[in-house]
Amino acid sequence: MDYETPKELSSIRRFFLEPHTPKQRQYEALRAYFVEGLPSKKVAQAFGYSVSAFHVLCHHFRRDPDPVFFVTPRRGPRSQPKKSAARDLIVQLRKRNYSVYEISETLKEQKRPLSPTAVREVLKAEGFAALPRRLDEERPDRPRPTVEPVADVRDFSLAPRRFTTACGGLFLFLPDLVRLNIDAVAKDTGLPGSKMIPAGHALRASLALKLWSIERKSHVMALVADEGFGLFAGLNVLPKKSFLSEYSCRIDHAKTMRLLASWHSHVAGEPIFSGDSFNLDFHSVPYYGEHPTVQKHYVSMRSRRQPSILVFLAQDAETHAFCYSNADLRKGDEPEEVFRFINF
């Protein structure tokens, strides 16, 4: 019922005459007996008590020094000890033209931490106006976000230099990349590329994230300043999140299958997969959005059918490496997908 819609009188009467909670039922019964003067037998019958049980209720009520029938709201704290303890210091620092963030950092150094929002509230209560925005050169010399160069193969250089990298383990894969001829794989597959980031370089950049267990494209922003990632991909720097997001949208299932087929053709004869036995599985990934074309599939973990994405996975039985997958399946496609894997 809408909050502004008035209730009917009959429902209001039922609220008092037919209480639902035990405490309200006790209150209405005791009021009818002690205030309205109704007989105890009649009151007990009206409110669902036995006569003896109602006498016991009256006995306890007459001897209870502070009967509780209504909820008393708990009042919150009237003061904030952390703000009160730091108030004088906050005022002194503001008089020295410290900004909100500088005051917060100073309090943290003195083991009296307060967030910038709390500092701003104290200053507002004391009547201080906000400081005018300062230029970057007027701010204290502290670490701040930097503008990293744009990934461009034309700016790549192999000039002798020294640098520190957190991904030195990636270079252990370089002999395998040379042997597998990644550039030829990207060319045969027809992967998209540009003059700034050719297809082979984009493939190596994406492969670097997989080899380094980067779970999401957004997590790459913490590594764009690492020269080691750029050197592994053959670029001046690693491409940023915007490029990787746009590039992944241009790779459809057909391109992925061509990439896998080209890779298999280049590793033919290599002792990577024996190919004697495969583990095949259809896995349902739960979907919690509202999309009209998403079907319901059985989710074993939840033991029920719910909107989900049906995924087919093929795993080499000996090495436990996944060598084929497809997440674009509909109901009834399972048998055909097995034959597609056999053809692949």
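What this report covers is the structure whose coordinates are included nearby. (Residues numbered from 1 in each chain as written. Predicted model: local features only at pLDDT ≥ 70, side-chain atom pairs only at ≥ 80, totals over all residues. Heavy atoms only, no water.)

### Description of the overall build of the protein
Worth spelling out the cut-off: In this description a helix means any DSSP run of H or I spanning at least four residues, a strand means any run of E spanning at least two, and both kinds are numbered starting from the N terminus. Between the two quantities, the radius of gyration covers C-alpha atoms and the globule rule is 2.2 Å times the number of residues to the power 0.38. Any residue under 20% of the maximum accessible area for its type is buried, any over 50% is exposed, and the rest in between are partly exposed; the area is computed with a 1.4 Å probe on protein chains only.
Summing up its helical and strand segments, the protein has 14 helices and 4 strands in all. Over its C-alpha atoms the protein spans a radius of gyration of 36 Å, topping by over 25% the 20 Å that the globule rule assigns to 344 residues. Principal axes of the C-alpha set define a box for the protein whose edges measure 100 × 70 × 40 Å. Across the 344 residues in the protein, those meeting the buried criterion constitute 28%.

### Looking at the environment of Gly332
Residue position: Gly332 is located in the loop between strand S4 (322–326) and helix H14 (334–343). Under the relative-accessibility criterion, Gly332 is labelled exposed at 55%. Separated by 304 residues in sequence, Gly332 and Glu28 have C-alpha atoms that sit 63 Å apart.

### A look at the nonpolar core
Side chains of nonpolar character tend, in soluble globular proteins, to be buried together. Quick note on the threshold: Grouping buried Ala, Val, Leu, Ile, Met, Phe, Trp, Tyr and Cys residues that are joined through side-chain atoms within 4.5 Å yields what is termed a nonpolar core. Should any heavy atoms of two residues lie within 4.5 Å, those residues are considered in contact.
Within the largest apolar cluster, 25 residues are counted, with the highest numbers of intra-cluster contacts made by Leu170, Leu191, Leu209, Phe229 and Leu238. For this core, the secondary-structure elements that each account for two or more residues are helix H9 (182–189), helix H10 (199–211), helix H11 (227–233) and helix H12 (241–249). For this core, the element with the most residues is H10, which contributes 6 residues. If we ignore the near neighbours within four places in the chain, the residues touching Leu191 are Ala186, Ala199, Leu203, Tyr247, Ile251 and Leu259.

### A closer look at helix H13 (residues 253–266)
Defined as follows: A helix is expected to reach a length of 1.5 Å times the quantity of its residues less one. Throughout, the arc means the angular range of directions from the helix axis out to the C-beta atoms.
Over its 14 residues, H13 extends 20 Å from the first C-alpha to the last, a length consistent with the 20 Å expected when each residue adds 1.5 Å. Considered for burial, the residues of H13 that qualify are Lys255, Met257 and Ser262. Considered in projection along H13, the buried side chains sweep an arc of 160° and stay on one side of the axis. Those residues of H13 hidden inside the fold are in contact with H9 and S4.

### Details of the packing of aromatic side chains
Rule in force here: Centre distance within 6.5 Å is the pairing criterion for rings of Phe, Tyr and Trp, where only the six-membered ring of Trp is used; planes under 30 degrees apart are then read as stacked, over 60 as edge-to-face, and the remainder as tilted. Geometrically, a lysine NZ or arginine CZ counts as sitting over a ring once it is within 6 Å of the ring centre and also within 35 degrees of the ring normal.
In total, this model carries 13 aromatic pairs according to the counting rule given. Here Phe243 and Tyr247 contribute two aromatic rings whose centre-to-centre distance is 5.5 Å and whose plane-to-plane angle is 25°, an arrangement assigned as stacked. Remark: Tyr247 and Phe243 occur in helix H12; sequence separation between them is 4 residues, near one turn of the helix. Among the residues examined, Tyr247 registers a relative accessible area of 8% and is labelled buried. Aromatic pair Phe312 and Tyr324: ring centres 5.9 Å apart, planes at 70°, arrangement edge-to-face. Note that Phe312 is positioned in strand S3 (residues 304–316) and Tyr324 in strand S4, a separation of 12 residues in sequence. The pair formed by Phe312 and Tyr324 is uniform in burial state, with each residue classed as buried. Joined through ring pairs, the aromatic side chains of Phe278, Phe282, Phe312, Tyr324, Phe341 and Phe344 make up one cluster. Over the aromatic face of Tyr49 sits the side chain of Arg25, whose NZ or CZ is 4.5 Å from the ring centroid.

### As for a nonpolar patch on the surface
So the rule is basically this: Surface patches are drawn from residues lacking salt bridges whose relative accessible area is over 30%; two like charges belong together within 9 Å, two nonpolar side chains (Val, Leu, Ile, Met, Phe, Trp, Tyr) within 5 Å. Per-residue accessibility takes into account occlusion by the displayed protein chains alone, with areas from the Shrake-Rupley method and a 1.4 Å probe. The salt bridge definition used is simple: a Lys or Arg side-chain nitrogen within 4 Å of an Asp or Glu carboxyl oxygen.
A cluster of nonpolar side chains, contributed by Leu9, Ile12, Phe15, Phe16 and Leu17, occupies part of the molecular surface with about 520 Å² of accessible area. Tracing the backbone through its elements, the reader meets Phe15 in helix H1 (residues 9–17). Residue Phe15 is classed as partly exposed on the basis of its relative accessible area, which comes to 45%.

### Observations concerning the packing of helix H5 (residues 81–95) against helix H6 (residues 100–109)
Heads up, the rule is: Each axis is a line fitted through C-alpha atoms, and for a helix only the stretch in contact is used; angles between axes span 0 to 180 degrees, taken between their N-to-C directions. Any angle from 65 to 115 degrees is called roughly perpendicular, while one under 35 is roughly parallel, one over 145 is roughly antiparallel, and all others are oblique. Helix crossings are classified by the rotation of the near helix relative to the far one: an anticlockwise turn of less than a right angle makes the crossing left-handed, while a clockwise turn makes it right-handed. Side-chain classes are defined by residue name, with Ala, Val, Leu, Ile, Met, Phe, Trp, Tyr, Cys and Pro counting as nonpolar, Asp, Glu, Lys and Arg as charged, and the others, Gly among them, as polar.
At their nearest, the axes of H5 and H6 sit 10 Å apart, and the two run at 135° to each other. Our classification of the angle between H5 and H6 gives oblique. In this structure, H5 meets H6 at a crossing whose hand is right-handed. On H6, the residues that touch Ala86, Leu89, Ile90, Leu93 and Arg94 of H5 are Val100, Ile103, Thr106 and Leu107. In terms of residue class, the contact of H5 with H6 is made up of 7 nonpolar, 1 polar and 1 charged.

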